[in-house]
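Here is what each chain is made of, one letter per residue.
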Amino acid sequence: MNKEFRNEMIKEVFGWIRLIVITIVLALFFNFFVIVNAVIPSGSMEQTIMTGDRIIAFRLSYLLSEPQRHDIVILPDPDNPRGDLFIKRIVGLPGETVFIDNGMVLIQREGENESVPLNEPFLNPSDPPRHSYGPFVVPEDSYFMLGDHRNNSMDSRHWNNPFVHESDILGRAIFRYYPGLRILH
């Protein structure tokens, strides 16, 4: 093997190694700072998101705006932040009082005397939510979360720490990519 050929082979190998290292660094950067790639472990968000679905959440969604009611978000378990990730829907906003009366969510805004029923068209009408909870007064910079499958969801109603601070929201779910592509809202 001549020296020139050997040098070309070494350059080729190092070129591939550099490409692989750059690809790994970019993938890690995107995974830790731009997106959350999650597999749904339970049926707490059914019919919107099913067990086993794979979704992408965008970590930078709330960089320039506040979380909104009905956003689907990824968050760490409020009672065990080093545990599993949860996916829930934002229902109560900072300063609001949330009541759940026989499954119907009622919102009372700060400074108002009346509570207003929340329109939730994403709930499964064949399995209406049951039970009553509350009132929950949502602190500033925090949110009240519920799963879409209310009769089968561990959420703010049941957590020891019922409110999720804005800084604990990892990202807003953008789309499901398996099985099949579907935008989430």
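Residues numbered from 1 in each chain as written. Predicted model: local features only at pLDDT ≥ 70, side-chain atom pairs only at ≥ 80, totals over all residues. Heavy atoms only, no water.

### Comments concerning a negative patch on the surface
A cluster of like negative charges, contributed by E66, E110, E140 and D141, occupies part of the molecular surface. For E66, the location among the structural elements is in the loop between β2 (54–58) and β3 (72–76). A relative accessible area of 46% means that E66 is categorised as partly exposed. (Patch = residues over 30% accessible without salt bridge, like charges linked within 9 Å, V, L, I, M, F, W, Y side chains within 5 Å. Areas by Shrake-Rupley, 256 points an atom, 1.4 Å probe, with all protein chains shown as cover. Salt bridge = Lys/Arg side-chain N within 4 Å of Asp/Glu carboxyl O. Lys, Arg positive; Asp, Glu negative; His and termini not counted. Charge placed at Lys NZ, Arg CZ, Asp CG, Glu CD. Helix = DSSP H or I, 4+ residues; strand = E, 2+ residues; numbered from the N terminus. Buried < 20%, exposed > 50% of the residue type's maximum accessible area, 1.4 Å probe, protein only.)

### Let's talk about the environment of F33
One can find F33 in helix α1 (residues 3–33). Classification of F33 as exposed rests on a relative accessible area of 51%. A C-alpha to C-alpha distance of 8.0 Å links F33 and L60, two positions 27 residues apart in sequence. Sequence-distant contacts of F33, defined by excluding residues within four places in its chain, comprise R59 and L60. (Contact = heavy atoms within 4.5 Å.)

### Quick notes on the nonpolar core
With 12 residues, the main nonpolar core is built from V36, A38, I40, M45, I49, I55, A57, I72, I74, I87, A173 and L184. Elements represented by at least two residues in this core include exactly β1 (35–39), β2 and β3. In contact with I87, not counting residues within four places along its chain, are I40, S44, M45, I49, I55, I72, V73, I74 and A173. Of all hydrophobic cores here, the second largest spans 11 residues; its members include Y62, L93, Y143 and I169. (Core = buried A, V, L, I, M, F, W, Y, C linked by side-chain atoms within 4.5 Å.)

### Quick look at the pattern of salt bridges
Within the structure shown, the criterion is met by eight salt bridges. In this structure, the salt-bridge partner of R89 is D148, at a minimum N-O distance of 2.8 Å. Here R89 is found in strand β4 (residues 85–92), whereas its partner D148 is found in the loop between β9 (142–146) and β10 (163–165), with 59 residues between them in sequence. An identical accessibility class is assigned to R89 and D148; each is buried. Each member of the salt-bridge network shares a partner with another, and the members are R69, E96 and R109.

### Here's the deal with the layout of surface pockets
Within this model, the largest pocket holds a volume of roughly 240 Å³. Lining the largest pocket are 15 residues, and of these P41, S42, S44, L85 and F86 sit closest to its centre. If you list the elements that add at least two residues to the lining of the largest pocket, you get β1 and β4. Broken down by element, the lining of the largest pocket gets its largest block of residues, four residues, from β4. Grouping the constituent residues of the lining of the largest pocket by class yields nine nonpolar, four polar and two charged. (1 Å grid on protein atoms, 1.4 Å probe; cavity = no way out; pocket = protein on both sides within 12 Å on 5 of 7 lines; lining within 4 Å. Points joined across faces, edges and corners; volume = space filled by probe spheres on them. Nonpolar A, V, L, I, M, F, W, Y, C, P; charged D, E, K, R; others polar.)

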